[in-house]
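In case you want the letters, here they are:
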Amino acid sequence: MNNKVSTIMASTMLLGVLAGCSQAPQANDSGATPAPTSAPTAAPAPAPAKAGKTTIQYWHSMGGKNGEYTDAMIKRFNESHPDIEVVGTFQGGYDEVVTKLQQSAAANTAPDVSMLERSFVQLFADADVLEDLTPYLKKSNLSTDDFVQGLMGHSTFNNKLVTLPLNRSTPILHVNKTMLDELGLKVPTTWEEMKTVANALVIKENGAYKRQGLSMPFDDWYIIAMMTQSKGKFFNDEGTSVGFYDNGVGLKVFSYLKDLQNTGALFYPPTQDSGNIANQMFVDGKIGMLLQSTGSIGGMAQNAKFEYVTSFLPKNDVYATPTGGANVTMLASSKNKAAAWEFIYWLMTDPKGGQQFVIDTGYLPFTKKMVESKEIKELYAKEPNRKVAYDQLQYAIDTNKHLAWTPIVQEFRSAMQAIMYDNKDIQTTLTTFKNSADKLMKK
């Protein structure tokens, strides 16, 4: 086993602590060493007609209803491609797919194509186990300019295009507009406005909160969003330390949240099942505003008994949002690269491929052609809350790229718990985290 594949093995042993919503909601919703990736001199042409079918394996994280949509999508491909059969396999949540991919890469049993949560792409790209898709795009008369740029931040590493967006999302502000209207309040666009509205919504009776203003799941995703809104970064540009400590951004973000929590304006849910708990609080009218994924829009619209709207994440210094969800990748060890690319190409370009999947599921459109399609325009006219999510992509910023992301986010979540649940001193806790992160980044 080479050193780079060994790095994947070591890093992903920590994934158990990231189960749930690692930078995006989970999608519910020794063997031979693989050969290093090398850019092909010429991309294979679309799968040629053969006497038999070429079978390719596709691993994904789409369970539940989204799993049904994925199965239907694969069926549409197979019916329109008589020479190729895609076998889709649900491998569990995002973190489980990453664990299984690192094991299969080490054993040379990786699938041809896989869904890969975008914050872990760099780990696999650095291990040279992902195919460079640049020549494939060129052969198919595509370019990276054809894609929505706000979703391309985790596609290119080491000058290789190794993934393309598929099921992507961002956090967004969900609002019970009926509740705000009753008090003459406007949907907030800044932190200060959000603090004012959140505090105005609080109802306390007999020492207990009957209603609170704001909530969000326990997830670093939302904290990172607030850091970027304050012109901060999770990692510094040099990749040698965190980027929110020396400039005071981390202290600012957590102080803001603790101020809201101390007045009862912020309901911060327990770590276990925090997303579902916060969602239910919102639907039940026990909170008026919620920072949550765009992937929750469909469920909110279906269950809310009030006027429900979405809005950009409120800004502090600037508007900014991280992205989440997963990309699609081709494994460099695939023996069926022509067929694998044909499947990926279909996902990216055919209206019955990724576009229909986006319409079905609520994920974000990922190509410019898709955004301009008649179907997506009609969808946005019918469901303007979903268009807000797409429009916010102009402010997309991803600052958590680093090979040490996996162990560092474990330490960061421990710091979040210490501050938000145990009321530990913010600056002292962040200092401890910074010291741990700096050591991990030097390894």
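Every value quoted in this text rests on a predicted model; they were computed, and no experiment measured them.

The helix and strand tally for the chain stands at 18 helices and 15 strands. Here the chain displays about 18,000 Å² of accessible surface, and carbon together with sulfur accounts for 49% of that area.

Going through the model one piece at a time under the given rule, you end up with 14 salt bridges. For D219, the salt bridge goes to R413, with nearest N and O atoms at 3.5 Å. Of this pair, D219 sits in the loop between β9 (208-215) and α8 (220-229) while R413 sits in helix α17 (residues 405-420), and the two are 194 residues apart along the sequence. The same class applies to D219 as to R413, namely buried. Note that K377 and E372 form a salt bridge whose closest N and O atoms lie 3.2 Å from each other. What makes E372 exposed here is its relative accessible area of 53%. Here the residues in one salt-bridge network are E117, R118 and D398, joined through shared partners.

Scanning the model with the defined rule gives 27 aromatic pairs in all. Here W221 and Y222 contribute two aromatic rings whose centre-to-centre distance is 5.5 Å and whose plane-to-plane angle is 70°, an arrangement assigned as edge-to-face. The same class applies to W221 as to Y222, namely buried. Site record: aromatic cluster; members linked through ring pairs are F234, F235, F244, F254, W405, F412 and F433.

Here we come to unusual backbone geometry. Phi is positive for N158, which is not a glycine, with a value near 55°. Along the polypeptide, N158 turns up in the loop between β4 (156-157) and β5 (160-161). One non-glycine residue with positive phi stands out, namely N159, at about 65°. Examined against the element boundaries, N159 turns out to sit in the loop between β4 and β5.

The next subject is the sheet that holds strand β1 (residues 54-60). Paired through backbone hydrogen bonds, the strands of a sheet run either parallel or antiparallel to each other. With mixed pairing, the five strands of this open sheet are ordered in space as β2-β1-β3-β15-β6. If you trace the sheet from one side to the other, it starts and ends with β2 (84-90) and β6 (164-169), each paired once. Across the sheet, the axes of successive neighbouring strands diverge by a mean angle of 20°, strand direction being ignored. Inspection of the sheet shows strand β3 (residues 113-117) paired to strand β15 (residues 324-330) by five bridges, in the antiparallel sense. Looking at the pairing, M115 lines up with V328 of β15. Contacting β1, β2, β3, β6 and β15, helix α12 (residues 337-349) runs over the sheet at an angle of about 145° to β15.

Time to look at the confidence of the model for the chain. Per-residue pLDDT for the chain has a mean of 89; in total, 88% of the residues score no lower than 70. Contacts of residues 13-50 to residues separated by more than four positions or lying in other chains number 105 contacts, the stretch itself having pLDDT below 50.

Residues W191, M194, V197 and A198 constitute the buried set of helix α7 (residues 191-200). The buried residues of α7 all sit within an arc of 125° when viewed along its axis, so they share a single face. What points out from α7, more than 90 degrees from its buried face, is the exposed set E192 and T196. The inward-facing, buried residues of α7 contact α6 (177-182), β9, α8, α9 (249-262) and β13 (287-293).

With that settled, consider the pairing of β9. Summarising the sheet, strand β8 (residues 203-205) and β9 pair through three bridges and their orientation is antiparallel. Note on β9: the bridge partner recorded for K204 is Y209. Taken together, β8 and the strand that follows it, β9, pair antiparallel across an intervening segment of two residues, in which N206 is found at a positive phi of about 55°. In this structure, β9 lies alongside β13, joined through three bridges in parallel fashion.

Cut-offs used in this document
Residues numbered from 1 in each chain as written. Predicted model: local features only at pLDDT ≥ 70, side-chain atom pairs only at ≥ 80, totals over all residues. Heavy atoms only, no water. Helix = DSSP H or I, 4+ residues; strand = E, 2+ residues; numbered from the N terminus. Areas by Shrake-Rupley, 256 points an atom, 1.4 Å probe, with all protein chains shown as cover. Salt bridge = Lys/Arg side-chain N within 4 Å of Asp/Glu carboxyl O. Buried < 20%, exposed > 50% of the residue type's maximum accessible area, 1.4 Å probe, protein only. Phe/Tyr/Trp six-rings, centres within 6.5 Å; stacked < 30°, edge-to-face > 60°. Pairing = 2+ DSSP bridges. Axes fitted to C-alpha atoms, helices over the stretch in contact; angles between N-to-C directions. Contact = heavy atoms within 4.5 Å. pLDDT = per-residue confidence, 0-100. Arc of directions from axis to C-beta.

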